[in-house]
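Each chain, written out:
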Amino acid sequence: MGRAGARSASALLLLLLVLLRAERPRGAELTFELPDSARQCFHEDVEQGARFSLDYQVITGGHYDVDCYVEDPLGNTIYRETKKQYDSFTHRAEVKGVYQFCFSNEFSTFSHKTIYFDFQVGDEPPILPDMGNRVTALTQMESACVTIHEALKTVIDSQTHYRLREAQDRARAEDLNSRVSYWSVGETVALFVVSFSQVLLLKSFFTEKRAGPRAPHS
C-alpha cells in the first residue's frame, strides 16, 4: 500500500513537472481603448516560416465593430476586414521582419471602443520529447499528460471567452442603466412641468377679472 502510494505521488509529481515545462507560443494578450476617429497599431518581429495568429473582439462601444488589417515587412496587406465585431486570422510568415497589425475606428465620429486581442507567434512545441517522431504508442502516463494538457488549453480558452462575454454584458448593463436613469430624470422633470402648468391653468379659470373704472361721459 505504501509503495503504491509512493509511486502514485511520484507519477503525479512527474506529471506536474511535464505540464509546467510545456511552453506556449510567444505572443501578447491585451485589452485597450480605441478613441473615436483614431487608429492603433502594434508591431511584432516574426521569423521566416513562423506561424502566427491574431484573435480579436470588440468588447464595448458603438455597434461593436472595428476595422483591422495586417501588413508584412514589405508593406503588403495580408489581411483586411472592415467593421468586424470579432475575427481570427492565421498566417505563416513568408518574409522575416516586423509585422504590423492595426485597429481603426476612423469611421466612427463619437463612440470609442474597447478591444481585446491575442497575438501568438510560433507553433506550440510538443509537451513530450520526440513526440512527433515516435513510432511506438504512448504510455498510460504520457497519454494522461497529453489529455490533461489539451484539457487545460480548453479551460484557458473557455475562461477567456467567458471573461470577454462578462465584460461585454457588464458594459451593456451599465449603458442600459445610465439610459434608464436619464429617461427617469427626464420623465420626472416633464411631470413637474405638466403638473405646474395644469395648476396655473385651473387657477386662471377661477380668477375673477375685475373691470377698471369707466371714464364719466361729458
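Residues numbered from 1 in each chain as written. Predicted model: local features only at pLDDT ≥ 70, side-chain atom pairs only at ≥ 80, totals over all residues. Heavy atoms only, no water.

Enquirer: Would you take a moment to explain the UniProt feature "transmembrane region" (unreviewed entry) in the protein chain for this structure?
Expert: Here, UniProt's "transmembrane region" (unreviewed entry) annotation points to residues 180–202. Split by type, residues 180–202 is 100% helix and 0% strand. Its first and last C-alpha atoms lie 33 Å apart. (UniProt positions renumbered as here; feature names shortened; annotations may be inferred. Helix = DSSP H or I, 4+ residues; strand = E, 2+ residues; numbered from the N terminus.)

Enquirer: Sorry if this is basic, but what is going on with the environment of Ser 88 here?
Expert: Following the sequence through the fold, Ser 88 ends up in strand E6 (residues 86–92). The spatial distance from the C-alpha of Ser 88 to the C-alpha of Asp 118 is 9.5 Å, given a sequence separation of 30 residues. Apart from residues no more than four positions distant in its own chain, Ser 88 is found in contact with Leu 54 and Asp 55. Of the polar contacts made by the side chain of Ser 88, one reaches the side chain of Asp 55; its length is 2.7 Å. (Contact = heavy atoms within 4.5 Å. Polar contact = N/O pair within 3.5 Å; in protein donor to acceptor, adjacent residues only side chain to side chain.)

Enquirer: What should I look at first to understand the state of the cysteines in this one?
Expert: Each disulfide consists of a covalent bond between the sulfur atoms of two cysteine residues. One pass over the structure, following the stated rule, counts one disulfide. Take Cys 68: it sits in no disulfide, and the sulfur closest to it among the cysteines is that of Cys 102, at 8.0 Å. Judged by its relative accessible area of 1%, Cys 68 falls in the buried class. (Disulfide = S-S within 2.5 Å. Buried < 20%, exposed > 50% of the residue type's maximum accessible area, 1.4 Å probe, protein only.)

Enquirer: Looking at this structure, how should I read the packing of aromatic side chains?
Expert: Geometrically, a pair of aromatic rings is defined through the distance of the ring centres and the angle of the planes. In total, this model carries 15 aromatic pairs according to the counting rule given. On the numbers, 5.5 Å between centres and 70° between planes, the contact of Tyr 56 with Phe 103 is edge-to-face. Within this pair, whereas Tyr 56 is found in strand E3 (residues 51–60), its partner Phe 103 is found in strand E7 (residues 97–104), the two being separated by 47 residues in sequence. Here the two residues Tyr 56 and Phe 103 agree in accessibility, since each one is buried. Between Phe 101 and Phe 103 the ring centres are 6.3 Å apart and the planes differ by 90°, which places this aromatic pair in the edge-to-face class. (Phe/Tyr/Trp six-rings, centres within 6.5 Å; stacked < 30°, edge-to-face > 60°.)

Enquirer: Looking at this structure, I do not really get the environment of Asp 118. What am I missing?
Expert: With respect to the secondary-structure elements, Asp 118 resides in strand E8 (residues 113–121). Residue classification places Asp 118 among the buried positions, given a relative accessible area of 14%. Measuring from C-alpha to C-alpha, the distance between Asp 118 and Leu 54 comes to 5.8 Å, with 64 residues separating the pair along the chain. Leave out the neighbours within four places in its chain, and Asp 118 touches Ala 28, Glu 29, Ser 53, Leu 54 and Asp 55.

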